[in-house]
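# Fold and geometry: a report
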Amino acid sequence: MENTGTVLRELRGAQKTAKGVSLYSRYVNRPAGRVFAAVAYRIGLTPNQVTLTSAAFTFAAIASVALVRPSFGLAVAVYAGLAVGFALDSADGQLARLTDRGGPDGEWLDHVVDCAKLILVHTAVLISFRRFSGLPGEGWLLLPLGFLFTAVLTFCAGLLREQLGKAAVRPAGGTGGAAPVSRLRAVALLPADYGVFCLVFLLLGDRTAFRIGYAVLAVVHALFLVAFLAKWFRELRALRTAD
């Protein structure tokens, strides 16, 4: 079996395009995922097993938010679980490309886990608010529900945009040349990156700071949703016009 250094070099050549990816995913999450993918390859894990390992870290961290009284120790543990789970979420795809063992089942499992974590993480925040936070008003309970709506709609609409776009260009035989990667866009996408969202849980030990940080991200994600929906609609309409 190849050594870890050789595997890492091969993984660097099996990366997805950096287009539409934030700086966090490009320079933090994907490199961390590459290391996890190399380790998984060395110990003989399949991509689906890596996906399930990612789910285990993520769901354990989310359950802790709902069940354990907030503290700074919990904040670090939750962030670590979410960040490792996110890196493993990158590793499964990298491992699949390296070993050529990807398939519809793996893609389906990956999307199911992604959707589940988006639903559960905001549900866990709602439970934590209700049980532990001593909210200044009951209206705060609407915040996780709104964030949940935004996150799930963004996920579903983006997935549909991707699939409908592929279906539209398939008869023409491809998508054409790759567009250049914009560093400005990569910076602008940082607030919408799941890895950046995970950082807010480092504030979990301070109830007020966490509520404010979470609320700010909720507003930012809502604004991104509006922008994404308009952009995706225009792109799909352009594909129809091109036909």
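Rules used in this analysis
Residues numbered from 1 in each chain as written. Predicted model: local features only at pLDDT ≥ 70, side-chain atom pairs only at ≥ 80, totals over all residues. Heavy atoms only, no water. Patch = residues over 30% accessible without salt bridge, like charges linked within 9 Å, V, L, I, M, F, W, Y side chains within 5 Å. Areas by Shrake-Rupley, 256 points an atom, 1.4 Å probe, with all protein chains shown as cover. Salt bridge = Lys/Arg side-chain N within 4 Å of Asp/Glu carboxyl O. Helix = DSSP H or I, 4+ residues; strand = E, 2+ residues; numbered from the N terminus. Buried < 20%, exposed > 50% of the residue type's maximum accessible area, 1.4 Å probe, protein only. Axes fitted to C-alpha atoms, helices over the stretch in contact; angles between N-to-C directions. Parallel < 35°, antiparallel > 145°, perpendicular 65-115°, else oblique. Left-handed = near helix turned anticlockwise from the far one by under 90°. Contact = heavy atoms within 4.5 Å. Nonpolar A, V, L, I, M, F, W, Y, C, P; charged D, E, K, R; others polar.

## With respect to a nonpolar patch on the surface
Taken together, Val35, Val39 and Ile43 make up a surface patch of nonpolar side chains, about 260 Å² in accessible area. Position of Ile43 relative to the elements: it lies in helix 2 (residues 23–43). Since its relative accessible area comes to 59%, Ile43 is described here as exposed.

## Brief notes about the packing of helix 4 (residues 72–99) against helix 5 (residues 104–132)
As a packed pair, helix 4 and helix 5 sit with axes 11 Å apart at the nearest point and diverge in direction by 165 degrees. One element, helix 4, and the other, helix 5, form an angle in the roughly antiparallel class. Crossing hand, helix 4 versus helix 5: left-handed. Contacts between helix 4 and helix 5 involve Phe86, Asp89 and Asp92 from the former and Asp110, Asp114 and Lys117 from the latter. For the contact of helix 4 with helix 5, the class distribution of residues is 1 nonpolar, no polar and 5 charged.

## Description of the environment of Ser54
Take Ser54: it is sitting in helix 3 (residues 47–67). Each C-alpha atom, one on Ser54 and one on Leu82, is 8.8 Å from the other, the two residues being 28 residues apart in sequence. The contact partners of Ser54, leaving out residues within four places of it in the chain, are Gly85, Leu88 and Asp89.

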